[in-house]
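Spelled out from the first residue to the last, the chains are:
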Amino acid sequence: MYQLERQLLNDFQRDLPLVKRPFAKIAKKLGVTEAEVLDTLRLLKAEGTISRVGPVFAPNRLGASTLAALAVPGNLLESIARMVSEYPEVNHNYEREHRYNLWFVVTAESPERLREVLDEIEERTGLPVLDLPLVQEYHIDLGFELSWS
Amino acid sequence: MELNEQDRRLIAEIQGGLPLVPDPFEAVGHAVGMSEDEVIQRLQELLDAGIIKRLGVVVRHHELGYQANAMTVWNVPDDQVDAIARRMAATGLVSLCYRRPRRPGWPYNLFCMIHGKTRDEALNKIDTLWYMCGLKDIPYEVLFSTRRFKQRGARYVMARA
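Novice: I keep staring at the pairing of strand E3 (residues 90-96) of chain A and nothing clicks. Help me out?
Specialist: Two faces belong to every sheet, and in a regular strand the side chains alternate between them. Pairing of E3 of chain A with strand E4 (residues 102-108) of chain A, which is carried by five bridges, proceeds in the antiparallel orientation. Directly across from glutamate 95 of chain A, in E4 of chain A, lies its bridge partner leucine 102 of chain A. Adjacent in sequence and paired antiparallel, E3 of chain A and E4 of chain A are bridged by five residues. Sheet topology places E3 of chain A next to strand E5 (residues 140-151) of chain B; five bridges connect them, and they run antiparallel. Bridge assignment links glutamate 95 of chain A to a residue of E5 of chain B, and that residue is arginine 147 of chain B.

Written out as structure tokens, the structure reads:
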């Protein structure tokens, strides 16, 4: 991986400068041009290495969210996963190796809307939703540690 | 900190990411009817208030060779959760550590996410965690993810119809 990509991925997970022309400020720090920084970030985004340059919100400070799971019969997993993913309120949706094999995060504008989405998923799938809202967060997310070997 | 209508518009505009242009805060301001200075100031306030946890490059770790994503769930006695969770968080082996409620048929109340380049690496980290944190008698399960159907930042504010 190129040096510039590595630096952008490692050193700017929490420190986007809050100034006019933030990418020019990063460029100056790294000894490259603003255009190089922007091009590299666009490339990293296009290839899916980064999901965005932007904010990560603290859980449960805005709206309401929960971690939910379903125990889906194997042959229905694909279709039910697709149905769950279609909700704009669902932001993560994974298959995991367990009797509860579909795990998803629901984030809604309000607790009422959150309840509505969970109820609807139960009704449409005929499966009870395991609803596991956050009680406490212990680890402060310091961004993802990258090690390059 | 009270969020007003303008904050909601600002959050709706940036929750999927800033535009990758030389003046992203100006572009965002233009879209929501704020000046560049107002956007910068408000974002700083949201950061200071802890509503925005961080602002920067959001890496999708799956794409960087962290193939093995193990959600490890533990059934910890209620009066030990805080102590054990803090110990786990301090090891540097877990990327997230959450307490969640138990449910009928679901006895686990402590969740931590462990990533590894391989399944073995993740399992080794779990062994180390188990050993370092005194988890000998704590029942647990490891749920590896096998497929990702969707991953993106949360949308806190939905577009109005």
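Novice: Is there a simple way to think about the interface of chain A and chain B in this case?
Specialist: Much of the literature gives interface size as the accessible area that the parts lose upon coming together. Taken together, the 62 residues of chain A in the interface contact 59 residues of chain B. The dominant element in the side of chain A that touches chain B, judged by the number of residues it contributes, is strand E1 (residues 50-57) of chain A, at eight residues. For the side of chain A that touches chain B, the per-class residue count stands at 31 nonpolar, 16 polar and 15 charged. With seven bridges connecting them, E1 of chain A and strand E1 (residues 52-59) of chain B associate as antiparallel partners. Bridging from a neighbouring strand, glycine 54 of chain A pairs with glycine 56 of chain B of E1 of chain B.

Novice: Before we go on, may I ask you to explain the pairing of strand E3 (residues 96-99) of chain B in this structure?
Specialist: Pairing geometry for strand E6 (residues 136-137) of chain A and E3 of chain B, over two bridges, is antiparallel. Following the sheet pairing, glutamate 137 of chain A is matched in E3 of chain B by tyrosine 98 of chain B. As judged from the four bridges shared by E3 of chain B and strand E4 (residues 110-116) of chain B, these two strands associate in the antiparallel manner. In the strand pairing of E4 of chain B, leucine 96 of chain B is matched with methionine 113 of chain B.

Novice: Quick question: what am I supposed to make of the packing of helix H1 (residues 3-11) of chain A against helix H3 (residues 34-46) of chain A here?
Specialist: The packing of two helices is summarised by the inter-axis angle and the distance between the axes. Residue and element names in this part refer to chain A. Where H1 meets H3, the closest approach of the two axes is 10 Å, and the angle between their N-to-C directions is 75°. Considering their axes alone, H1 and H3 lie roughly perpendicular with respect to each other. Residue-level inspection shows Leu4, Glu5 and Leu8 of H1 in contact with H3, the latter providing Glu36, Val37, Thr40, Leu41 and Leu44. In the contact of H1 with H3, the residues fall into five nonpolar, one polar and two charged.

Novice: How should I be thinking about the packing of helix H1 (residues 5-14) of chain B against helix H2 (residues 24-32) of chain B in this particular structure?
Specialist: Residue and element names in this part refer to chain B. Between H1 and H2, the least distance of the axes is 10 Å, while the angle of their chain directions is 125°. In terms of their interaxial angle, H1 and H2 are classed as oblique. In this structure, the crossing between H1 and H2 has a hand that is right-handed. Listed contacts from H2 to Arg9, Leu10, Glu13 and Ile14 of H1 are Val28, Ala31 and Val32.

How each quantity is defined
The residue count restarts for each chain, going from 1 along the sequence in the order it is written. To label them, take the chains in the order written and letter them from A, then take the ligands in the order written and number them from 1. Selection of residues for local features in this predicted model requires a pLDDT of at least 70, selection of side-chain atom pairs for listing and counting requires 80 or more, and totals for whole chains, interfaces and linings are taken over all residues. The pairing criterion for strands is at least two bridges between them, as found by DSSP. Helix and strand definitions here come from DSSP, where helices need a minimum of 4 consecutive H or I residues and strands a minimum of 2 consecutive E residues; each element is numbered from the N-terminal end. Here, residue contact means that the backbone-derived C-beta atoms of the two residues sit within 7 Å. The residue classification treats Ala, Val, Leu, Ile, Met, Phe, Trp, Tyr, Cys and Pro as nonpolar and Asp, Glu, Lys and Arg as charged. All others, Gly included, are polar. Throughout, an axis means a line fitted to C-alpha atoms (over the contacting stretch in the case of helices), and angles, computed between N-to-C directions, take values from 0 to 180 degrees. We call two directions roughly parallel when the angle between them is under 35 degrees, roughly antiparallel when it is over 145, roughly perpendicular when it lies between 65 and 115, and oblique otherwise. Put simply, a crossing is left-handed when the front helix is turned counterclockwise from the back one by less than a right angle, and right-handed when it is turned clockwise.

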